Amino acid sequence: MILAAQEPSIITESIENLQKVDENYIQEYLEKLVPDLLNFGIQLLLAVFLYLVGKRVISFLRKFLRRSLERRNIDIGVRQFLDSVSKYCLYFVLWLTILTLFGITTASVIALLGSAGLTLGLALQGSLANFAGGVLILLLGPFHVGDYIVSGETGHEGTVKEISTFYTRIQTADNQTVMIPNGKLADGAIVNVTGQQTRRVDILVGIAYSADLKKAKQLLSALAEQETRKLADQPVNIFVSELADSSVVLGCRFWVRSEDYWQTKWDTLEAIKLTFDENGIEIPFPQVDVHIKQQEKI
């Protein structure tokens, strides 16, 4: 009976001891947690403050770099490329500095990047190729900002607006923006349409075999000489280019400034058609003669 009476008291004491232990553990945990949370909050505020200040410093340094390059008359494409590279590098340094606030050392980050270098290299090989392509474009200078180019690799064409770290931005004739990877531009053929200050207008037009050849050549020569946008110091060539199946193909060549090329060519083609019509010079076109043969009824 005595043992039976003592058992409840022993259980009660055990429960009370457990409660005391739990209360002490929770109290110690909270006492340790509060400073940790406070330190983390301070670190977080410092990180936000450092990011905002660093962002302004980066903006100031980029402006300083751009102005320095402008004063030295550096090509605008080189300025855009260096500005893009400096942006990535400065932000990388800023994030490394912010990570040090949370106990992550720079050596640890560099070691991590070094150990993951092969994986990152394989994952970013396209981006690295585009970066290398951008460097080649700036070193070799196949085109510059403002040039009209045709990419043989992608088939896109337009005016170059920006050469950035990984992409070249062009604007097409119908006002579309196309981003072409630098790697594709560096590896493929590039036609720089406006790379030179002058261009030759080449026009081929066919006349009928029955037309007056000499008169047609005189009319073409007169039209070319009357063109006010033609460069006076360059010759005009009028010649027979080909004796085709159904026409005599005449050629007309003269030189203009690059910015006048398309409008001059369009205007000249229209003037040739109107002049030939007025002077009875036939411009043949493909025709099909259909002969219907009727069978006699028996």
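Residues numbered from 1 in each chain as written. Predicted model: local features only at pLDDT ≥ 70, side-chain atom pairs only at ≥ 80, totals over all residues. Heavy atoms only, no water.

A. Highlighting the overall build of the chain. Each helix and strand in the chain was counted, giving eight helices and eight strands. Looking at the chain as a whole, 25% of its 298 residues qualify as buried. A separation of at least 24 residues holds for 64% of the contacts in the chain among residues at least 6 apart in sequence. Accessible surface for the chain amounts to roughly 21,100 Å². Of this, 59% is attributable to carbon and sulfur atoms. (Helix = DSSP H or I, 4+ residues; strand = E, 2+ residues; numbered from the N terminus. Buried < 20%, exposed > 50% of the residue type's maximum accessible area, 1.4 Å probe, protein only. Contact = heavy atoms within 4.5 Å. Areas by Shrake-Rupley, 256 points an atom, 1.4 Å probe, with all protein chains shown as cover.)

B. Looking closely at the pattern of salt bridges. Overall, the coordinates contain eleven salt bridges when judged by the stated rule. When the shortest N-O distance is used, the salt bridge between Arg200 and Asp202 registers 2.9 Å. Arg200 gets classed as partly exposed once you look at its relative accessible area, which sits at 33%. Accessibility expressed as a relative area gives 31% for Asp202, which makes it partly exposed. In this structure, the salt-bridge partner of Lys273 is Asp277, at a minimum N-O distance of 2.4 Å. Taken as a pair, Lys273 and Asp277 lie in helix 8 (residues 261-278) at a separation of four residues, close to a single helical turn. You can call Lys273 partly exposed: its relative accessible area is 41%. Accessibility expressed as a relative area gives 46% for Asp277, which makes it partly exposed. Beyond isolated ion pairs, a larger network of salt bridges with shared partners links Arg62, Arg66 and Asp83. (Salt bridge = Lys/Arg side-chain N within 4 Å of Asp/Glu carboxyl O.)

C. Spotlight on the confidence of the model for the chain. Across the chain, pLDDT averages 80, with 75% of residues at or above 70. Per-element averaging of pLDDT across the chain places helix 4 (residues 117-123) at the bottom with 55 and strand 8 (residues 248-257) at the top with 95. (pLDDT = per-residue confidence, 0-100.)

D. The sheet that holds strand 3 (residues 167-171), seen in detail. Spatially, five strands are ordered 4-3-2-1-5 in an open sheet, and the strand pairing comes out antiparallel. Strand pairing shows two members of the sheet lacking a second neighbour, strand 4 (177-181) and strand 5 (190-192), which therefore form its edges. Across the sheet, the mean angle from the axis of one strand to that of its neighbour is 40 degrees, orientation sign disregarded. Two elements, strand 3 and strand 4, share five bridges in a ladder whose sense is antiparallel. Residue pairing across strands places Gln171 opposite Thr177, the latter belonging to strand 4. (Pairing = 2+ DSSP bridges. Axes fitted to C-alpha atoms, helices over the stretch in contact; angles between N-to-C directions.)

E. Representation of the environment of Asp202 in the model. Its location among the elements puts Asp202 in strand 6 (residues 198-207). Spatially, the C-alpha atoms of Asp202 and Phe254 are 7.2 Å apart, while their sequence positions differ by 52 residues. Among the polar contacts made by the side chain of Asp202, one reaches the side chain of Arg200 at a distance of 2.9 Å. (Polar contact = N/O pair within 3.5 Å; in protein donor to acceptor, adjacent residues only side chain to side chain.)

F. Representation of the environment of Ile170 within the structure. Among the structural elements, Ile170 can be located in strand 3. It is 8.5 Å that separates the C-alpha atoms of Ile170 and Tyr148, two residues lying 22 residues apart in sequence. Those residues in contact with Ile170 that sit more than four places away from it in its chain are Ile149, His156, Glu157, Gly158, Thr159, Val160, Lys161, Gln176, Thr177, Val178 and Ile180.

G. Here's a closer look at a nonpolar patch on the surface. Together, Phe49, Val53, Val57, Phe60, Leu61 and Phe64 make up an exposed nonpolar region whose accessible area comes to about 590 Å². Examined against the element boundaries, Val57 turns out to sit in helix 1 (residues 2-71). (Patch = residues over 30% accessible without salt bridge, like charges linked within 9 Å, V, L, I, M, F, W, Y side chains within 5 Å.)

H. Representation of the sheet that holds strand 8 within the structure. Ordered by their spatial adjacency, three strands build an open sheet running 6-8-7, and the pairing between neighbours is antiparallel. Two strands in the sheet have a free side with no partner beyond their single neighbour: strand 6 and strand 7 (237-243). In this sheet, adjacent strand axes meet at a mean angle of 25 degrees when their direction is disregarded. One ladder, built from ten bridges, connects strand 6 with strand 8; its direction is antiparallel. From the neighbouring strand, Arg199 faces strand 8, where its bridge partner is Val256. Along the sheet face, helix 8 touches strand 6 and strand 8 and points at about 25 degrees away from the line of strand 6.

I. The side chain of Thr168, seen in detail. If you trace the backbone, Thr168 turns up in strand 3. Residue class for Thr168 comes out buried when judged on its relative accessible area of 0%. Polar side-chain contacts of Thr168 include one of 2.7 Å to the side chain of Asn182. Setting aside residues no more than four positions away along its own chain, Thr168 makes contact with Ile137, Phe143, Val160, Glu162, Ile163, Val178, Met179, Ile180, Asn182 and Leu185.

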